[in-house]
Amino acid sequence: MTDSKQRFIQSNYNIFAEIQQLEGHVDRNFLLIVDKEPKYVLKLTTDLTSKPFLKAQHHIIEHLGNNDRFAFPQIQTGSDGKSIYLFTDDDGAQYLARILKYIPGKFLAESLKSNDLLYAFGQFLATMDKSLADIHSLEIMTRHYEWDLQHFQEYQDYLEHISNPAKRKLIQYFLLLFKENILPIRHHFRKSIIHNDANDWNVISDEKNILGIIDFGDLVYSYTINEAVIGAAYIALDSDDPLTRISSLLQGYHDQFPIVDMELENFYYLLATRLCMSVCQTAYMKKKRPDDKYLSIHEQPVWALLDKWISISPDLAANTFRKACGLKAGPIKSEDSFIEHRKRHISATLSLSYEKPILMERGAFQYMFDRDGKTYLDCVNNIMHVGHCHPRVVEAGQRQMAILNTNTRYLYEALNQYAEKLLNKFPVSLSKVFFVNSGSSASDLAIRLARNYTDKYDLIVLDHGYHGNTTLGIEISPYKFKGRGGKGPAPYIHTASLPGTSLSAEHSEEELYAEIDNFFEHPVAGFIGEPIVGCGGQVMLSEAYITTIYEKVRSKGGVCIADEVQTGFGRVGSNFWAYELYDVVPDIVVLGKPMGNGHPIGAVVTTDEIASAFENGMEFFSSFGGNPVSCQIGKSVLEVIEEEALQEKAFITGNYLMDGFRDIQKEQKMIAEVRGAGLFIGIELVKISNPGLPATEEAKKIINLMKQEGILLSTDGPDNNVIKIKPPMCFNMHNADRVLSEFRKTAFCSCLKTMRYWATRSCPK
Ligand code: PMP
């Protein structure tokens, strides 16, 4: 029995064929097989108003024509000369029906993507675009189409369809980059009609050459370069080296139809745009058509490439593409000229990291990029808590900065909202917050509050602790007053020894407590200490030690201050605050660094009683503390931590990393201890020849070698022999594996031979 489609093709085209349904995104497509050979494609379009657009498509296809090199799906006219018919199927549904000639061959998606084939693909796209450059079609030029890359800023609305926050942030990030980089210069792009969907399931190849392209339903008038961008986006999927693949395509394209510099400069952003559009559309369509498998064929590889794309520097990408096209790379400035310039204006007391300092250009989540486009995995910047340039944080600041920024002498909602959200993270006893602009001003204010409340002056501090750069900050920081250039402790500062690391475990608990008891010969206003002593080299305190100090201080009328500047906001994994590791509740908490993800915010959180005692008539005012911009930024940081479950991730990734280092420790005796909590980790190194001595030089060497490999670490502790790991909290398992494998190579490498360690592996490059 013949169906309506068969009757339709017979009566209008005189074609007798077996009909096979094909995959299709928008149109319904059928393969027409004549004498066992696929000959035509029947396309049924549900949107009956699209006839002018279909006619425009045909006009374009006719213009491209068929030539010796490339085939485009030629329009088959019916016996009466028409190319588009109104067709009603057996169920009474109406379509616009057309028949196109079938192009034999394989899809590019099924072909091996050799450099030669990708070069040929570039040439093919360029040939098509060159031919389209001088054709006009009002229908296409006025088309507003959601797959047109130039309209990506409209995709803000699609974010709600992406339920996974870690994925959503990638779209937000690239939306931000689009807004910052593409929109301001959009009128400078060359524009022309483009096919706009050279994805590898639309491109026909015979392994060696590109034969042609199908599906002209995405035609738009857009940036000419978007044609190559879209082709490049799909051939880059599932590749370990997407830049090389894309370079082959661009080389072929450029040889045929020259690309201009600004197109290459922005190729990185436009490619990300296409990837984002693809996954946004998939997420949206999945909600509309949950059973449609065709929707998600590219989904997983696109997410994987987006993940990889954020680890690639846009500058490196631009210069790689320029090189492929034989254009000059962007200027590279030398570190030396920067150091010289810096020295002229900036005091040498501000240090630079690494033997050869890095000229840093950009950041993206856990990655940083130097001026040459080299990618670094950031394992040290605990300030960029939720990741460098997190779009939620950036946008929160940008938006509020454009609306209102003022001080706390006015009423505004952001202060109330942020204060409430932040205080919700504390027990009810800690119910008041003072906002300032740095950890230093927070610790300074904390001491003022303590002294005011207790009417006492002396302070107990933890050895090797650091709390700030103000005059008082230095006075309460043994890390500074005992360190180089330090002037020793002020008479009212009493330093409690640390309970011990592998090198300093000489104090028994009794000795430690006796030392503390002696401090109370003076009137002690309070005790300040970090729950894990960062500058001491990530030294954990025992619960017994910290509860004993708290009890002793309180019993003598003092207050207890926890400095959570480095350890707070979920970093320790099991808890939101590190003091919670020990089951104590401080009277005052000092906050800073991660609070604003790089925006300068600090805060002091305390009890109603201590805050009330401060209300003695003297105003407390901070020009910037608690301003609306800072509050919006701080609030967005808390929201991201929650939405992306960063505390839980820190717990899992941190434990994985510490386990990995403990495995290395079994083979590498240089590692005396692996300690910490969550993503706040210390690896203490000692001399193999004498485990009683710190391996200071080796630690320095290792972090410099790791830096060469693109991994940023730092050292700390009184002997600078502790390698510190405290990365942005989006640091993932894959990043952890990379750190472990590079560390393993480096710790065993022959560079350390000169320091009389065994060398079983060769040095990193
Ligand atoms: N407390 C601790 C524990 C710190 O690590 C720091 C900064 N390293 C501060 C206070 C001072 O913070 P800021 O540099 O923001 O003034």
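Coordinates for the structure precede this section.
Here the structure is a predicted model, which means the values were calculated and not measured.

Undergrad: Is there a simple way to explain the pairing of strand β16 (residues 458-462) in this structure?
TA: If a strand is regular, its side chains alternate between the two faces of the sheet. β16 sits mainly inside the fold: 5 of its 5 residues count as buried. Of the two faces of β16, the one lined by Asp-458, Ile-460 and Leu-462 and the one lined by Leu-459 and Val-461 are each fully buried. By the bridge criterion, 4 bridges tie β16 to strand β18 (residues 524-529) in an arrangement that is parallel. Across the sheet, Asp-458 pairs through a bridge with Val-524, a residue of β18.

Undergrad: What am I meant to see in helix α19 (residues 543-555) here?
TA: Spacing of three or four residues puts side chains on the same side of an α-helix, whose turn is 3.6 residues. The end-to-end C-alpha distance of α19 is 18 Å, a good match for the 18 Å that 13 residues give at a rise of 1.5 Å each. Where α19 is buried, its residues contact β16, β17 (493-496), α18 (509-519), β18 and β21 (559-563). Downstream of α19 by one or two residues, Gly-557 has phi in the positive range, about 85°.

Undergrad: I'm lost on the packing of helix α5 (residues 165-182) against helix α10 (residues 299-309) in this one. Help?
TA: Angle between the axes and distance between the axes are the two parameters that describe a pair of packed helices. Running from N to C, α5 and α10 cross one another at 60°; their axes reach a closest spacing of 11 Å. Judged on the interaxial angle alone, α10 and α5 are oblique. The two elements α5 and α10 meet at a crossing, and its hand is left-handed. Contacts from Lys-167, Leu-170, Ile-171 and Phe-174 in α5 reach Gln-300, Trp-303, Leu-306, Asp-307 and Trp-309 in α10. Looking at the contact of α5 with α10 residue by residue, the class counts come to 6 nonpolar, 1 polar and 2 charged.

Undergrad: Can you help me understand the site of the ligand in this one?
TA: As a structural note, the neighbourhood of the ligand is formed by Ser-438, Gly-439, Ser-440, Tyr-466, His-467, Gly-468, Glu-530, Asp-563, Val-565, Gln-566 and Lys-593. In the environment of the ligand, a nitrogen atom lies 2.7 Å from a nitrogen or oxygen atom belonging to the side chain of Asp-563. At 3.1 Å, a side-chain N or O of Lys-593 approaches a nitrogen atom of the ligand. Taking 390 Å² as the accessible area of the ligand by itself, protein coverage stands at 85%.

Undergrad: Please clarify how a nonpolar patch on the surface should be interpreted in this entry.
TA: A contiguous nonpolar surface patch, about 350 Å² in accessible area, is contributed by Phe-651, Ile-652, Tyr-656 and Met-733. Ranked by the residues each element gives to the nonpolar patch, the list is headed by helix α22 (residues 646-667), at 3 residues. Within the secondary structure, Phe-651 sits in helix α22.

Undergrad: Looking at this structure, I do not really get the environment of Glu-642. What am I missing?
TA: Inspection of the secondary structure puts Glu-642 in helix α21 (residues 628-643). Since its relative accessible area comes to 41%, Glu-642 is described here as partly exposed. When the C-alpha positions of Glu-642 and Pro-165 are compared, they lie 9.8 Å apart, and in sequence the two are 477 residues distant. Leaving out residues up to four positions away in the same chain, Glu-642 has contacts with Lys-421 and Lys-425.

Undergrad: Before we go on, may I ask you to explain the sheet that holds strand β12 (residues 360-364) in this structure?
TA: Hydrogen bonds between backbone groups are what pair the strands of a sheet, and the pairing can be parallel or antiparallel. In spatial order, the strands read β12-β13-β14-β26; together these 4 strands make up an open sheet with mixed pairing. Unpaired on one side and paired on the other, β12 and β26 (711-712) mark the two borders of the sheet. Where strand β13 (residues 367-370) lies against strand β14 (residues 375-378), 3 bridges are found, and the strand directions are antiparallel. Bridge assignment links Met-368 to a residue of β14, and that residue is Tyr-376.

Undergrad: Mind showing me how you'd approach the packing of aromatic side chains here?
TA: Each aromatic ring pair is described using two quantities: the centre-to-centre distance and the angle formed by the ring planes. Enumeration over the complete set of coordinates arrives at 34 aromatic pairs. Their ring planes at 75° and their centres at 6.3 Å tell us that Phe-72 and Phe-216 sit as a pair that is edge-to-face. Separated by 144 residues along the polypeptide, Phe-72 in the loop between α2 (51-64) and β4 (75-76) and Phe-216 in the loop between β10 (210-213) and β11 (220-223) bring together distant segments of the chain. Between the NZ or CZ atom of Lys-5 and the centre of the ring of Phe-30, over which it lies, the distance is 4.7 Å. In this structure, Arg-143 packs its charged tip against the face of Phe-53, placed 4.0 Å from the ring centre.

Analysis parameters
- Residues numbered from 1 in each chain as written.
- Predicted model: local features only at pLDDT ≥ 70, side-chain atom pairs only at ≥ 80, totals over all residues.
- Heavy atoms only, no water.
- Buried < 20%, exposed > 50% of the residue type's maximum accessible area, 1.4 Å probe, protein only.
- Helix = DSSP H or I, 4+ residues; strand = E, 2+ residues; numbered from the N terminus.
- Pairing = 2+ DSSP bridges.
- Expected span 1.5 Å × (residues − 1).
- Contact = heavy atoms within 4.5 Å.
- Axes fitted to C-alpha atoms, helices over the stretch in contact; angles between N-to-C directions.
- Parallel < 35°, antiparallel > 145°, perpendicular 65-115°, else oblique.
- Left-handed = near helix turned anticlockwise from the far one by under 90°.
- Nonpolar A, V, L, I, M, F, W, Y, C, P; charged D, E, K, R; others polar.
- Near = heavy atom within 4 Å.
- Polar contact = N/O pair within 3.5 Å; in protein donor to acceptor, adjacent residues only side chain to side chain.
- Areas by Shrake-Rupley, 256 points an atom, 1.4 Å probe, with all protein chains shown as cover.
- Patch = residues over 30% accessible without salt bridge, like charges linked within 9 Å, V, L, I, M, F, W, Y side chains within 5 Å.
- Salt bridge = Lys/Arg side-chain N within 4 Å of Asp/Glu carboxyl O.
- Phe/Tyr/Trp six-rings, centres within 6.5 Å; stacked < 30°, edge-to-face > 60°.
- Lys NZ or Arg CZ within 6 Å of the ring centre and 35° of its normal.

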